[in-house]
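The primary structure of each chain is shown beneath.
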Amino acid sequence: MKVSAGISRINGEVFAPSSKSYTHRAITIASLSEECIVYRPLLSADTLATVRACEAFGARIEKQHDRLVVHGFRGKLNVPDNVIDVANSGTTLRFMTAISALAKGSTVLTGDSSIRTRPNKPLLEVLNDLGVEAFSTRGNGCAPLVVRGGFNGGNATIDGSISSQFISALLIASPLTGRDTTISIRGDLKSRPYVDVTIEMLRQAGVEIITKENGSISFVIPANQVYDLREYTVPGDFSSASYLLATAAMTGSTVFVKNLFPSKQGDVEIIDVLRRMGADITWDMEEGTVKITGKGKLEAITFDAGATPDLVPTVAVLAACAEGVTHIKNAEHVRYKETDRLHAMAVELAKMGISVKEERDSLTITGGKLQGAEVHGWHDHRIVMSLTIAGMVAGDTTVDTVESVDISYPGFFDDMKRLGANLSMLEG
Ligand SMILES: O=C(O)C1=C[C@@H](OP(=O)(O)O)[C@@H](O)[C@H](O)C1
Ligand SMILES: C=C(OP(=O)(O)O)C(=O)O
């Protein structure tokens, strides 16, 4: 599927979709509890993969109007009667790999072609250190993965530079082991806000994690805890909202994005990014509304992607429209997503006439005049959405593989068209 994007201005109010990261956690933690209602879940391809996986372990999950009614397995998992297929969802793979270590049998986890290239070695090594037999069938750390239960808890150290999802997964599974667990982080903990989201949600379920920071970071997880999440309302998604806000900034438009309340999401940083780049942006935290007016001119910035990897495609297209040279740094972990997003954005923005220097952990982007082009979405929802908004500035642009927006923001094109965007969906 392709989209044809013409020069656009947008205007009006839009409701940010629910957070994918919070939804994954709500479904997982609800399933580890007894009975829980999850209000306003994001129902997207990725979060439905988490629903299926939790059902495989024994949860019963009913989809009702604006909620999920979760009948959990209270920490007592079935051994799945089939392979768990996480499709395109890295979060689901990592979380369920750790959780399957609690089952009294073997679990096989796989996913689509993208998932089967993404790294998991640090998580597998820690699980083995904690008494679990966990390995990848090809010996390369990538799915398909096999996990044979026996999670005893204990002490382990993990590299924090590749994915915070490994740490979140261990924090979710370890409270149910028979021995206290300590997870120590080696090096930088990239994407740290997602671990904060995990700890916040575990606390809402009555599960305590003790964080120790004295130069290095470690997490102490007391054993034999009981999950008791009874209801939860999922907040709006700042990562998805970034495309709406960036479009207003790039096209000199005014939009009001609602359903954006304070939370532990690191991608709230998009507000500061847009302010630094020169947009007129305000956030009414009580009402949950971000108002932005683009003044048609943006200034280059330096952006540290260490905590907020998912904003990189959005910031890259903002940089393409900005005056000056933008430096996106501390971004090597952005290469391990659905695609290598540093490389993908460098290649595709070059097709649109923008000078991009790609280095191991950074992009240096010289702002200029975006030219219309036929660009590739790399089957990656964030690449597709970022290139679509670039096309709304350049005009005469087609983006392919646009069906991938179903991963995190199924209503993206409908919302954009409702705001006035000049977009036409094309077959092929
Ligand atoms: O825990 C999560 O919900 C996520 C963590 C991040 O991944 P990494 O921790 O691998 O950077 C982020 O890219 C992903 O979209 C969602
Ligand atoms: C990388 C992402 O998600 P996941 O790791 O769950 O595939 C994303 O949403 O950009």
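Residues numbered from 1 in each chain as written. Chains lettered and ligands numbered in written order. Predicted model: local features only at pLDDT ≥ 70, side-chain atom pairs only at ≥ 80, totals over all residues. Heavy atoms only, no water.

By the naming in an unreviewed UniProt entry, the protein chain goes by 3-phosphoshikimate 1-carboxyvinyltransferase and is assigned to Methanolobus chelungpuianus. In its Catalytic activity (unreviewed entry) section, UniProt records this for the protein chain: "3-phosphoshikimate + phosphoenolpyruvate = 5-O-(1-carboxyvinyl)-3-phosphoshikimate + phosphate". (UniProt positions renumbered as here; feature names shortened; annotations may be inferred.)

Engineer: Explain the site of ligand 2 to me, please; I cannot follow it from the model alone.
Structural biologist: Around ligand 2, a shell composed of 14 residues is seen, among which Lys20, Thr91, Arg118, Gln165 and Arg382 lie nearest. Arg118 places a side-chain nitrogen or oxygen 2.8 Å from an oxygen atom of ligand 2. Side-chain polar atom of Arg341 to an oxygen atom of ligand 2: 2.9 Å apart, as the coordinates give it. Summarising the interface, the protein chains cover 98% of the accessible area of ligand 2, which totals 300 Å² for the free molecule. Cavity membership is defined here by more than half of the atoms lying within 2 Å of grid points; on that basis ligand 2 lies in the largest cavity. Looking at the shell around ligand 2, the elements with two or more residues in it are α3 (90-99) and α11 (381-394). The residue makeup of the shell around ligand 2, split by class, is no nonpolar, six polar and eight charged. (Near = heavy atom within 4 Å. Polar contact = N/O pair within 3.5 Å; in protein donor to acceptor, adjacent residues only side chain to side chain. Areas by Shrake-Rupley, 256 points an atom, 1.4 Å probe, with all protein chains shown as cover. 1 Å grid on protein atoms, 1.4 Å probe; cavity = no way out; pocket = protein on both sides within 12 Å on 5 of 7 lines; lining within 4 Å. Sits in = over half its atoms within 2 Å of the grid points. Helix = DSSP H or I, 4+ residues; strand = E, 2+ residues; numbered from the N terminus. Nonpolar A, V, L, I, M, F, W, Y, C, P; charged D, E, K, R; others polar.)

Engineer: Sorry if this is basic, but what is going on with the site of ligand 1 here?
Structural biologist: Lys20, Ser21, Arg25, Thr91, Ser163, Ser164, Gln165, Ser191, Tyr194, Pro309, Asp310 and Lys337 make up every residue found near ligand 1. Here an oxygen atom of ligand 1 and a side-chain polar atom of Ser163 are 2.6 Å apart. Take Lys337: an N or O atom from its side chain is 2.5 Å from an oxygen atom of ligand 1. Burial of ligand 1 by the protein amounts to 96% of the accessible area it has alone, namely 390 Å². Using a 2 Å cut-off from the grid points, one finds that ligand 1 occupies the largest cavity. Among the elements of the structure, α1 (20-32) and α5 (164-173) are those that each provide at least two residues to the shell around ligand 1. The biggest single contributor to the shell around ligand 1 is α1, with three residues.

Engineer: Would you mind going over the layout of surface pockets with me for this structure?
Structural biologist: Of the voids in this model, the largest pocket is the one considered here, and its volume is about 410 Å³. One number sums up the size of the second largest pocket: a volume of about 230 Å³. In terms of lining, the second largest pocket is formed by 13 residues, of which the most central are Phe15, Ala16, Pro17, Ser18 and Leu42. Grouping the constituent residues of the lining of the second largest pocket by class yields eight nonpolar, three polar and two charged. Looking at which domains feed residues into the lining of the second largest pocket, each of domain 1 (2-17 + 237-426) and domain 2 (20-221) gives three or more. (Points joined across faces, edges and corners; volume = space filled by probe spheres on them. Domains from an automatic or database assignment.)

Engineer: Explain the domain arrangement of the protein chain to me, please; I cannot follow it from the model alone.
Structural biologist: Accessible area lost upon the coming together of the parts is a frequently used measure of interface size. The assigned domain composition of the protein chain is domain 1 (2-17 + 237-426) and domain 2 (20-221). The distance between the C-alpha centroids of domain 1 and domain 2 comes to 29 Å. Taken together, the contact between domain 1 and domain 2 spans 25 residues of the former and 22 residues of the latter. Buried surface at the junction of domain 1 and domain 2, summed over both partners, amounts to about 1800 Å²; 55% is from carbon and sulfur atoms. Among the residues of domain 1 in contact with domain 2, Lys264, Tyr336 and Ile407 are the three that bury the most area, contributing 32% of the side total. (Contact = heavy atoms within 4.5 Å. Buried area = accessible area lost by both parts, 1.4 Å probe.)

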